[in-house]
Amino acid sequence: MDTTQLLKGVLDVAVLAVVSDEDGYGYDVVRRLRGAGLEEVGEASVYGTLRRLYASGALSSYVVPSDEGPHRKYYGINAQGRAMLDTQRKDWREFSTTLTALLDTEGDPR
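The rules we used
- Residues numbered from 1 in each chain as written.
- Predicted model: local features only at pLDDT ≥ 70, side-chain atom pairs only at ≥ 80, totals over all residues.
- Heavy atoms only, no water.
- Patch = residues over 30% accessible without salt bridge, like charges linked within 9 Å, V, L, I, M, F, W, Y side chains within 5 Å.
- Areas by Shrake-Rupley, 256 points an atom, 1.4 Å probe, with all protein chains shown as cover.
- Salt bridge = Lys/Arg side-chain N within 4 Å of Asp/Glu carboxyl O.
- Helix = DSSP H or I, 4+ residues; strand = E, 2+ residues; numbered from the N terminus.
- Expected span 1.5 Å × (residues − 1).
- Polar contact = N/O pair within 3.5 Å; in protein donor to acceptor, adjacent residues only side chain to side chain.
- Axes fitted to C-alpha atoms, helices over the stretch in contact; angles between N-to-C directions.
- Parallel < 35°, antiparallel > 145°, perpendicular 65-115°, else oblique.
- Contact = heavy atoms within 4.5 Å.
- Nonpolar A, V, L, I, M, F, W, Y, C, P; charged D, E, K, R; others polar.
- Pairing = 2+ DSSP bridges.
- Buried < 20%, exposed > 50% of the residue type's maximum accessible area, 1.4 Å probe, protein only.

Caption draft 1: A nonpolar patch on the surface, seen in detail. Where nonpolar side chains cluster on the molecular surface, the patch consists of Trp92, Phe95, Leu99, Leu102 and Leu103 and spans about 520 Å² of accessible area. Among the structural elements, leucine 103 can be located in helix α4 (residues 79-105).

Here it is, written out as structure tokens:
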């Protein structure tokens, strides 16, 4: 199954979940998503998602100087982002429960 389309639909909630644990800069968020099993996540998609979530007010940002190159822009979740994450977690649980039930009954002779 090509998971890239599935990933597009859940990237916002995945990014919010990652930064809810710990603030992170762009590539750090990519690395953590991939480490969690989302190996196909693209860097450009994550950077765009971070910018979009920041613009919508769900994330805050700050710059940290780096000794090994350019400064890094870190993103952290704020109260609006936590509320969004809570809602999306609930929506995901309901959706995944429904889809799992559908897939488990597929082909059932009832």
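Caption draft 2: Examining α4 more closely. In this model, α4 (27 residues) spans 39 Å end to end at C-alpha, consistent with the 39 Å of a helix rising 1.5 Å per residue. Capping of α4 at its N-terminal end is provided by asparagine 78; its side-chain oxygen lies 3.1 Å from the backbone amide nitrogen of glutamine 80.

Caption draft 3: Examining the packing of helix α1 (residues 4-21) against helix α2 (residues 26-35) more closely. Interaxial distance between α1 and α2 falls to 10 Å at its minimum, and their mutual angle equals 105°. Regarding the angle of α1 to α2, the classification is roughly perpendicular. Facing Leu11, Ala14, Val15, Val18 and Val19 of α1, the residues of α2 in contact are Val29, Arg32 and Leu33. Within the contact of α1 with α2, the residues separate by chemical class into seven nonpolar, no polar and one charged.

Caption draft 4: Summary view of the sheet that holds strand β1 (residues 24-25). Read across the sheet, three strands follow the order β1-β3-β2 without closing on themselves; strand pairing throughout is antiparallel. Two strands in the sheet have a free side with no partner beyond their single neighbour: β1 and β2 (59-64). Sheet analysis places β2 next to strand β3 (residues 72-77), joined by six bridges and oriented antiparallel. Across the sheet, valine 63 pairs through a bridge with lysine 73, a residue of β3. Strands in contact with α1 are β1, β2 and β3; relative to β3, the strand with the most contacts, it is inclined by about 95°. Across the face of the sheet, helix α3 (residues 43-55) comes into contact with β2 and β3 while running at roughly 115° to β2.

Caption draft 5: The arrangement of the pairing of β3 in detail. As judged from the two bridges shared by β1 and β3, these two strands associate in the antiparallel manner. Across the sheet, residue glycine 24 finds its bridge partner in β3, namely tyrosine 75.

Caption draft 6: Summary view of the pattern of salt bridges. If you walk through the whole model with that rule in mind, you get four salt bridges. A salt bridge links arginine 52 to aspartate 12; the nearest nitrogen and oxygen atoms lie 2.5 Å apart. Note that arginine 52 is positioned in helix α3 and aspartate 12 in helix α1, a separation of 40 residues in sequence. What makes aspartate 12 partly exposed here is its relative accessible area of 22%. Across the salt bridge formed by arginine 31 and aspartate 28, the nearest N and O atoms sit 2.4 Å from each other. With arginine 31 and aspartate 28 both in helix α2 and three residues apart, this pair spans about one turn of that helix. You can call aspartate 28 buried: its relative accessible area is 8%. Linked through salt bridges whose partners overlap, the residues forming this network are Asp28, Arg31 and Arg32.

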